[in-house]
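Working through the structure, step by step
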Amino acid sequence: GYRLWAVPAAALLLAVVAVPALFDRAAELPTERIKGGEEGPGLMIFRKLASGEERLREGALVRSGDLVQIVYRSGGMSYGAILSVDGRGAVTQHLPVSGGESVPLVARDTLDFAYELDDAPRWERFFFLAADHRFGLDAIVRQLESGSDLELEAGIRLFEFTLNKTQKP
């Protein structure tokens, strides 16, 4: 079922707020196959609706308060991390939630938490980094915080997914 969560005011300062996973793990992903590129590494974002959920496309319009679920496909890569940056430049680590290193990936997984988008302006950008070797996250987080282009060590593949925020009048 669909429930509303109270969000403490302090949490609204964060890029996203973790809430318990919203989707029935057995039914969260479409079963039909989409031609082209579905087997490679990638990132999918779903938005919770009153009746079920919708898969968001790159550049989709979202609002403060939307609940989103992050799903990744490893595409055979062994290690990975998922981070996001909001329109204020705040960086949030989603996978792993804490720690300074990438973690082992499974073939396809839904993160354990859904996230409530806050009122940061302009966008929410998600970054899925995947490699065949373990890699550190500290330098990546620093680059994201500074707003500079990511310079990654050899062997790390980057997949970016941007959600655009509607502006309040």
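In what follows, the structure referred to is the one given above.
Residues numbered from 1 in each chain as written. Predicted model: local features only at pLDDT ≥ 70, side-chain atom pairs only at ≥ 80, totals over all residues. Heavy atoms only, no water.

**With respect to the nonpolar core**
Leu43, Ile45 and Leu163 are the most contacted members of the largest nonpolar core, which has 22 residues in total. Of all the secondary structure elements, the ones that give two or more residues to this core are β2 (42-49), β5 (67-73), β9 (108-117), β10 (123-131) and β11 (157-165). The contacts of Leu43, once residues within four sequence positions are left out, are Ile70, Val71, Tyr72, Ile82, Phe126, Phe128 and Phe161. Of all hydrophobic cores here, the second largest spans twelve residues; its members include Phe135, Ile140, Val141 and Leu144. (Core = buried A, V, L, I, M, F, W, Y, C linked by side-chain atoms within 4.5 Å. Buried < 20%, exposed > 50% of the residue type's maximum accessible area, 1.4 Å probe, protein only. Helix = DSSP H or I, 4+ residues; strand = E, 2+ residues; numbered from the N terminus. Contact = heavy atoms within 4.5 Å.)

**Observations concerning the packing of aromatic side chains**
Enumeration according to the criterion identifies two aromatic pairs in this entry. With a centroid separation of 5.5 Å and an interplanar angle of 35 degrees, the aromatic rings of Tyr72 and Phe128 are classed as tilted. Of this pair, Tyr72 sits in strand β5 while Phe128 sits in strand β10; the two residues are 56 residues apart in sequence, bridging distant segments of the chain. Residue Tyr72 shares its accessibility class with Phe128, and that shared class is buried. (Phe/Tyr/Trp six-rings, centres within 6.5 Å; stacked < 30°, edge-to-face > 60°.)

**Re the pairing of β10**
β10 sits mainly inside the fold: seven of its nine residues count as buried. Relative to β10, strand β6 (residues 79-86) runs antiparallel, the two sharing eight bridges. Directly across from Asp86, in β10, lies its bridge partner Glu124. The pairing of β10 with β11 spans eight bridges and is antiparallel. (Pairing = 2+ DSSP bridges.)

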